[in-house]
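# Report on the structure
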Amino acid sequence: MQIGIAGLGRMGANLARRLLRDGHEVVVYNRTLAKVQQLEQEGATGSSSLDEFADRLRWPRAAWIMVPSGRPTEEMVLALADRFEAGDLIIDGGNSYFKDDIRRARDLWDRGIFYLDVGTSGGVWGLSRGYCLMIGGAGEAVERLTPVFRSLAPGAGYIPPTPGREEDTGTAQEGWLHCGPAGAGHFVKMVHNGIEYGLMQAYAEGFHILSDAGRMGGADYVYELDLAEIAEVWRRGSVISSWLLDLAATALLEDPGLAGYTGFVQDSGEGRWTLHTAIEQATPVDVLAAALLARFRSRQGNTFADKLLSAMRDQFGGHKEPPHDD
Ligand SMILES: NC(=O)c1ccc[n+]([C@@H]2O[C@H](COP(=O)([O-])OP(=O)(O)OC[C@H]3O[C@@H](n4cnc5c(N)ncnc54)[C@H](OP(=O)(O)O)[C@@H]3O)[C@@H](O)[C@H]2O)c1
């Protein structure tokens, strides 16, 4: 089917490529035109402005926005809505806050324009592995976009059906799911990313213990452990095998001391929204909270709090800090 992609960054360009490979007609737009020209060479129909983008899409249009959440997405949705007509469909595939989706879907609905929020997981590997899609919005719009979801999702592949689901014909086994009404897709994706933070933090801390292995804290043992080998063995049959562990194994093989990284870890919003939501619902999320705070911590050296702790120990017990270089 014909679909537009607006935003040809790491995600949008590969979404377009995966759709082209499956025979879809893809109309592309990007703020920086060089990326449009690149995709034109790969078979897409390019457009040099949003007006041209809207003109090249046939009614009822479907346009997938893949730009940073917040203001860029908001502006793109509004700009497209101004160029679209009743019956057209706007899809936000970025990592938007689900409450923004609820508002946008309602506003667009009043103008007869459909809106779907599609949490899209797969990162730079999605082109080859497929994207896991978590979808919110009207069933009619989801139905219309089914050929696109089928092409983007991984499909059942080599993953055996969950026992009891052998006869199941639901789309979840293909890697895409209509989760509920407006916002539900990004709500599920938000929690997915919150879990991702927690899993990553657990691996990171576990490997930290292995890397210290007695050399810190005056322990009475020392092990020289090969972390890349341990990651590799855990990939095979252990209960903590996962794709994140696969990626950790690759990183440790490429750079065993991780010398290419400072350890300054960004967060991109979803972890914070997961906590906001948990607080709103009074849902206890100890691990997810700790994982987010660990990222904040990663961006600071010894903090003011650390200094005050040290000062108080000194005050009550005369505990002096050990000598250090700086
Ligand atoms: N990377 C991931 O692993 C991943 C995974 C899942 C979801 N996502 C989500 O997918 C979306 C895109 O991520 P990405 O990784 O593809 O980002 P990216 O590589 O940084 O690309 C961003 C894209 O958005 C465009 N853009 C940025 N600001 C804009 C603005 N103000 N107006 C118009 N266009 C603008 C950029 O255009 P220019 O080329 O002109 O700069 C570029 O095409 C985000 O919402 C992100 O959270 C990312």
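To be clear, the structure that these remarks concern was listed above.
Notes on the structure in this doc start here.

Another point: the overall build of the protein. Along the backbone of the protein there are 14 helices and eight strands. C-alpha atoms of the protein, sized along the principal axes, occupy 75 × 45 × 45 Å. Taken over 326 residues, the protein has a buried fraction of 34%. Long-range pairs, those at least 24 residues apart, make up 59% of the contacts in the protein between residues at least 6 apart in sequence.

In this section: helix α12 (residues 270–281). Across its twelve residues, α12 extends 16 Å between first and last C-alpha, which sits within 8% of the 16 Å expected from 1.5 Å per residue. Among the residues making up α12, those that are buried are Glu270, Gly271, Trp273 and Thr274. Mapping the buried residues of α12 onto a view down its axis gives an arc of 160°, with all of them on the same face. Those residues of α12 that are exposed and aimed more than 90 degrees away from the buried face are Ile279 and Glu280.

All right, on to the site of the ligand then. Around the ligand sit 22 residues, and of these Gly9, Met11, Arg31, Gly94 and Gly123 come closest. Elements with a minimum of two residues in the shell around the ligand: α1 (10–21), α4 (71–83) and β6 (114–121). Residues belonging to the shell around the ligand are distributed by class as follows: seven nonpolar, twelve polar and three charged.

Here we come to the nonpolar core. Ranked by size, the top nonpolar core spans 63 residues in total, and within it Ile5, Ala16, Val28, Ile65, Ile90, Leu116 and Leu133 carry the most contacts. Excluding anything up to four places from it in sequence, Leu133 contacts Val118, Thr120, Phe149, Leu152, Ala153, Gly175 and Trp176.

Another aspect to go through is helix α13 (residues 286–298). Under the 1.5 Å per step criterion, the end-to-end length of α13 is 18 Å for 13 residues, consistent within 8% with the ideal 18 Å. Residues of α13 that are buried: Leu288, Ala291 and Leu292. Buried residues of α13, viewed axially, fall in a sector of 95°; they line one side. Where α13 is buried, its residues meet α9 (184–212) and α12.

The buried fraction of strand β1 (residues 2–6) is high, at four of five residues. Pairing geometry for β1 and strand β2 (residues 25–29), over five bridges, is parallel. Along β2, the bridge assignment pairs Gln2 with Glu25. In this view, the connection linking β1 to its parallel neighbour β2 by way of α1 has right-handed handedness.

What the eight strands build is an open sheet, ordered β3-β2-β1-β4-β5-β6-β7-β8; its pairing is mixed. One side of each edge strand has no neighbouring strand; the edge strands of this open sheet are β3 (45–47) and β8 (176–180). Pairwise comparison of adjacent strand axes, ignoring direction, gives a mean angle of 25° for this sheet. With three bridges connecting them, β1 and strand β4 (residues 62–65) associate as parallel partners. The residue of β4 that forms the bridge with Ile5 is Trp64. Each of β1, β4 and β5 (89–92) is contacted by α4, which is oriented at about 170° to β5, the strand it contacts most. On top of the sheet, α9 reaches β6, β7 (132–136) and β8; it is set at about 15° to β6, its chief contact.

To continue, consider the packing of α9 against helix α11 (residues 243–254). Packing of α9 against α11 brings their axes to within 10 Å, and their N-to-C directions diverge by 45°. Judged by the inter-axis angle, α9 sits oblique to α11. For α9 against α11, the interelement crossing comes out right-handed. Contact residues: α9 offers Leu199, Met200 and Tyr203, while α11 offers Leu244, Leu245 and Ala248. For the contact of α9 with α11, the per-class residue count stands at six nonpolar, no polar and no charged.

So, how was this worked out
Residues numbered from 1 in each chain as written. Predicted model: local features only at pLDDT ≥ 70, side-chain atom pairs only at ≥ 80, totals over all residues. Helix = DSSP H or I, 4+ residues; strand = E, 2+ residues; numbered from the N terminus. Buried ≥ 20, exposed ≤ 12 C-beta atoms within 10 Å, placed from the backbone. Contact = placed C-beta atoms within 7 Å. Expected span 1.5 Å × (residues − 1). Arc of directions from axis to C-beta. Near = placed C-beta within 6 Å. Nonpolar A, V, L, I, M, F, W, Y, C, P; charged D, E, K, R; others polar. Core = buried A, V, L, I, M, F, W, Y, C linked by C-beta atoms within 7 Å. Pairing = 2+ DSSP bridges. Right-handed = clockwise from strand over helix to strand, strands pointing away. Axes fitted to C-alpha atoms, helices over the stretch in contact; angles between N-to-C directions. Parallel < 35°, antiparallel > 145°, perpendicular 65-115°, else oblique. Left-handed = near helix turned anticlockwise from the far one by under 90°.

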